[in-house]
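As a plain string of letters, each chain reads:
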Amino acid sequence: MRLDWAIAAIVALFSLAEEIGGRTGEPERADPWLWVGIALASAVLVAFRRRAPFTTLTIYTLVGGPAIPLSQETLGAWQLYVELLLLFTLMAEVPLRDRRTPAGLALTLGFIGLIVFTDTGPVGPGDIAIALVMATIAGGAGFAVQRYRAVAAQAQERGALLAREAVNEERNRIARELHDIVAHSVSVMVMQSGAVRRRLEEEQAREREALTVVEEAGRAAVHELRRMLGVLRSGPEAAAKAPQPGLGRLEELVEQVRAAGLDVKLDVRGEPAQLSAGLELSAYRIIQEALTNTLKHAGPTRVTVTVTHRHRELFLEIADEGPTPGHATPERHGLGHGLIGMRERVALFDGRLDAHPRPGGGFIVRATLPA
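Computed from a prediction, not measured in an experiment: that's the story for all the values here.

J.: I'd love a proper account of a nonpolar patch on the surface, names of residues and values included.
T.: A cluster of nonpolar side chains, namely Met1, Trp5, Val44 and Phe48, defines an oily patch on the protein surface of about 340 Å² accessible area. Its place among the elements puts Met1 in the segment before helix H1 (2–21).

If you want it as structure tokens, here you go:
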């Protein structure tokens, strides 16, 4: 809205300068203050043109157009420019299939014809051609703006859709991994319950019955979890039976990325605490995703992985030095699948994630996971 009023102020200054200052080589207006009022009213219409593009164009055309022949005055340049500005706004704001669009074009052509053929000055074919060309340029520019906005909106919508799909894909992946862990834990609980039940004495019938209920419920839960895993898994993951990785396999991960070209330094600080399998898996995946992103965007460079065990907290930092000289890499974007995956895993444990370029070059990822 501020931009609209700024443009309206420019139009008002331009029109007032022409009306009050006079026009070179042309007679003065019979009633100049009437035209000053019309100029100011036209500026107000310009300020509201985007709110009601067809209405402002209609009012200006039907009032400003006949005012010229009725007053037997010559056309001011600002009058044609205001009409073209209102036409531009109509073509930029109103869809081409809307009935107001052809009506607005007809009004503009009528305005141009009226002022050209009733103007007191000499009019030639060149004047008509110039007026039509200017109207075509104004309308075409407005239509181009409308098309650009539509394409940009579609691109933004596609980007949002891809981001949602990436988030859903990553959440499904996390769910598959955590279902494995939960199924394993419940299986251990069932086996332990069975072991305790078999050690009970004969007179402990009530305890034996309670443990039997626990075993049966546990086996049913394991069965349901495995059935859900079968639904969640697809493609190559259907055959994945290997245990989920944890922080104990970081050395193995580091060796793999070193073989791929990264110069990785692993630094583990603090006394390792007993962490849940899900937390260890998420920490491992965050480091894995960060190293994969570094290899993809920075190429063979140096990277430091720091794992700090704090009191009730696990802190991860993966910092690289950026691309090596002569190594061209694609620009990093905040909606990459790697960063989406890291954010989802950190959010799973109500943690914090900070990922941004380093001032001296490179990229840094920091994740804090409550333990």
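J.: Tell me about the packing of helix H8 (residues 250–259) against helix H9 (residues 277–297), and please be specific about residues and values.
T.: With their axes 11 Å apart at the nearest point, H8 and H9 run at an angle of 10° to one another. Relative to H9, H8 is oriented roughly parallel. Across the interface between the two elements, Leu250, Leu253 and Val257 of H8 pack against Tyr284, Ile287, Gln288 and Leu291 of H9. Within the contact of H8 with H9, the residues separate by chemical class into six nonpolar, one polar and no charged.

J.: Explain H9 to me, using residue names and the numbers behind them.
T.: Along its 21 residues, H9 runs 30 Å from first to last C-alpha, staying within 8% of the 30 Å computed at 1.5 Å per residue. Looking one or two places after H9, you find Gly299, whose phi comes out positive at around 75°.

J.: Please set out the pairing of strand E2 (residues 302–310) residue by residue, giving values where relevant.
T.: Bridge count between strand E1 (residues 263–269) and E2: seven bridges; the pairing is parallel. Along E2, the bridge assignment pairs Val264 with Val303. A crossover connection joins E1 to the parallel E2 through H9; in handedness this β-α-β unit is left-handed. Here eight bridges tie E2 to strand E3 (residues 313–320), and the two strands are oriented antiparallel to one another. Each bridged residue has a counterpart across the sheet, and for Val307 the counterpart in E3 is Leu316. Between the antiparallel neighbours E2 and E3 lie two residues, among them Arg312 with a positive phi of about 60°.

J.: Describe the environment of His311, with residues and values.
T.: Checked against the element boundaries, His311 lands in the loop between E2 and E3. The exposed category is assigned to His311, whose relative accessible area is 71%. The sequence separation of His311 and Glu271 amounts to 40 residues, and the corresponding C-alpha distance is 9.3 Å.

J.: Describe unusual backbone geometry, naming the residues involved and giving the relevant values.
T.: The phi dihedral of Arg312 is positive, around 60°, even though this residue is not glycine. Following the sequence through the fold, Arg312 ends up in the loop between E2 and E3. Taking relative accessible area as the criterion, Arg312 reaches 65% and is therefore assigned exposed. Unlike most non-glycine residues, Asp350 shows phi in positive territory, near 55°. On the accessibility criterion, Asp350 (68% relative accessible area) is exposed.

J.: Go over the packing of aromatic side chains, please, and point to the residues and values.
T.: On inspection of all chains with the given rule, the structure shows two aromatic pairs. Relative to Phe48, the ring of Trp5 lies with its centre 5.6 Å away and its plane at 80°, an arrangement referred to as edge-to-face. Residue Trp5 is located in helix H1, and its partner Phe48 is located in the loop between helix H2 (32–47) and helix H3 (53–71); the two are separated by 43 residues in the primary sequence. In this structure Trp5 comes out as partly exposed when scored by relative accessible area, which is 40%. What makes Phe48 partly exposed here is its relative accessible area of 32%. Judged by centre distance (5.9 Å) and plane angle (35°), the ring pair of Tyr60 and Phe111 falls under tilted. Placement of Tyr60 in helix H3 and of Phe111 in helix H5 (residues 100–118) is noted, with a sequence separation of 51 residues between them. Phe111 gets classed as buried once you look at its relative accessible area, which sits at 2%.

What counts, and at which threshold
Residues numbered from 1 in each chain as written. Predicted model: local features only at pLDDT ≥ 70, side-chain atom pairs only at ≥ 80, totals over all residues. Heavy atoms only, no water. Patch = residues over 30% accessible without salt bridge, like charges linked within 9 Å, V, L, I, M, F, W, Y side chains within 5 Å. Areas by Shrake-Rupley, 256 points an atom, 1.4 Å probe, with all protein chains shown as cover. Salt bridge = Lys/Arg side-chain N within 4 Å of Asp/Glu carboxyl O. Helix = DSSP H or I, 4+ residues; strand = E, 2+ residues; numbered from the N terminus. Axes fitted to C-alpha atoms, helices over the stretch in contact; angles between N-to-C directions. Parallel < 35°, antiparallel > 145°, perpendicular 65-115°, else oblique. Contact = heavy atoms within 4.5 Å. Nonpolar A, V, L, I, M, F, W, Y, C, P; charged D, E, K, R; others polar. Expected span 1.5 Å × (residues − 1). Pairing = 2+ DSSP bridges. Right-handed = clockwise from strand over helix to strand, strands pointing away. Buried < 20%, exposed > 50% of the residue type's maximum accessible area, 1.4 Å probe, protein only. Phe/Tyr/Trp six-rings, centres within 6.5 Å; stacked < 30°, edge-to-face > 60°.

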